[in-house]
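# Working through the structure, step by step
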Amino acid sequence: MPVIEILNPQTSIPDVKSKFTIINRREESIDLNEDSWATEYFVLFFHTGPQDPVATSILRSVDKKNDTGPDQLTCKVVGISMDTTPAILDWLNLNPDLKDFDVPLMSDKTADIARQFGVLQQSLGQEQTGAGFPANSVFIIDSMDRVRYHCVLDSRVAFNVGEVARLVRAFQASDEIKGLAMANFKEREDIITNKIPHIKHFYGSKFGGEKHTCEDCPKEVTEDVTDGEPDKKSENDGAAASASSGGDGRKISVAKEAAAIKDVTTKAETDEDKKQEPGFCLACCRR
């Protein structure tokens, strides 16, 4: 079943409105181009309709009220199918897993919206208006009413809501910070500046296999001995030298003290290195 031309990323969405949308078990009008929707990110998904087990699983996964896991979507969501509002209401009322379902479900009986987004699947020979059904698909729409991501699947496979939620966070953070959301993005801290040294540092830190250093990495802060403060190493060496005249026993004692001081200093430097080692360094990747 071929899919007609899909609405691709960076394309503005068409006018999407319907007088037949179920919101909190009531039939209401909705316009996705007006300000309450158009000024922020939202997710729009198409599904095959009531009583379909895959579609039911999709509704359960996007239901914010009943599924409050860490991978839940943090933006507005709306679902669209070709079913009538009575059929949608029956589906919600007869399915205990969808109790208190709180995501708007839009009726697209004529398939006009599905056709404009390019997700209407048609069997061979079905050319008449309304023939076919929408593919299981999802679109991420930004605050400028542009498509930023789409995924179109076979009706037997559902999309991963946790992955869609991750992508929404990545797009939002990238827009705000004006940076790059690299592979395996999780939080805002995973955005890096779009400059060659920062990108090289990202790859060196993530995949280099060794502790990564570059010109912009944090440098170890050493004490300036020219500002009148005594050099601690010189003090220790001088103490050891002056004490050596006190006999062999004194030499051994001072040597042990010097070794202990060295061990403490080395441990402190190692701990400081560990603090600066994780994936990105503050000096060159998170500015």
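Everything discussed here concerns the structure shown above.
The text that follows walks through the structure, step by step, so that each part is easy to find. Bear in mind the structure is a predicted one, so any value in this text is a computation, not a measurement. (Residues numbered from 1 in each chain as written. Predicted model: local features only at pLDDT ≥ 70, side-chain atom pairs only at ≥ 80, totals over all residues. Heavy atoms only, no water.)

Buried within helix H3 (residues 85-94) we find Thr 85, Ile 88, Trp 91 and Leu 92. Buried residues along H3 cover an arc of 120 degrees about the axis, so they all sit on one side. Across H3 from its buried face, at more than 90 degrees, point the exposed residues Asn 93 and Leu 94. Buried positions along H3 lie against strand E1 (17-23), strand E2 (26-31), helix H2 (53-62), strand E4 (76-81) and strand E5 (105-107). (Buried < 20%, exposed > 50% of the residue type's maximum accessible area, 1.4 Å probe, protein only. Helix = DSSP H or I, 4+ residues; strand = E, 2+ residues; numbered from the N terminus. Arc of directions from axis to C-beta. Contact = heavy atoms within 4.5 Å.)

Core analysis: the largest hydrophobic core is formed by 29 residues, its most contacted members being Val 43, Phe 45 and Leu 73. Within the residue set of this core, elements represented by two or more residues are strand E3 (42-46), H2, H3, strand E8 (136-141) and helix H5 (161-177). It is H5 that provides the largest number of residues to this core, a total of six residues. With residues near it in sequence (within four places) discarded, Val 43 still touches Leu 73, Cys 75, Lys 76, Val 77, Val 78, Val 138, Phe 139, Ile 140, Val 164 and Val 168. Residues Ile 30, Phe 46, Met 82 and Phe 139 belong to the second largest nonpolar core, which totals 23 residues. (Core = buried A, V, L, I, M, F, W, Y, C linked by side-chain atoms within 4.5 Å.)

Strand order in this open sheet of seven strands is E2-E1-E5-E4-E3-E8-E9, and the pairing throughout is mixed. The sheet terminates laterally at E2 and strand E9 (147-153), the two strands that pair on one side only. Adjacent strand axes in the sheet meet at a mean angle of 25 degrees when their direction is disregarded. With five bridges joining them, E3 and E8 adopt antiparallel strand pairing. Paired with Val 43 across the bridge in E8 is Ile 140. Across the face of the sheet, H3 comes into contact with E1, E2, E4 and E5 while running at roughly 20 degrees to E1. The sheet contacts of H5 involve E3, E8 and E9, and relative to E8 the element is tilted by about 20 degrees. (Pairing = 2+ DSSP bridges. Axes fitted to C-alpha atoms, helices over the stretch in contact; angles between N-to-C directions.)

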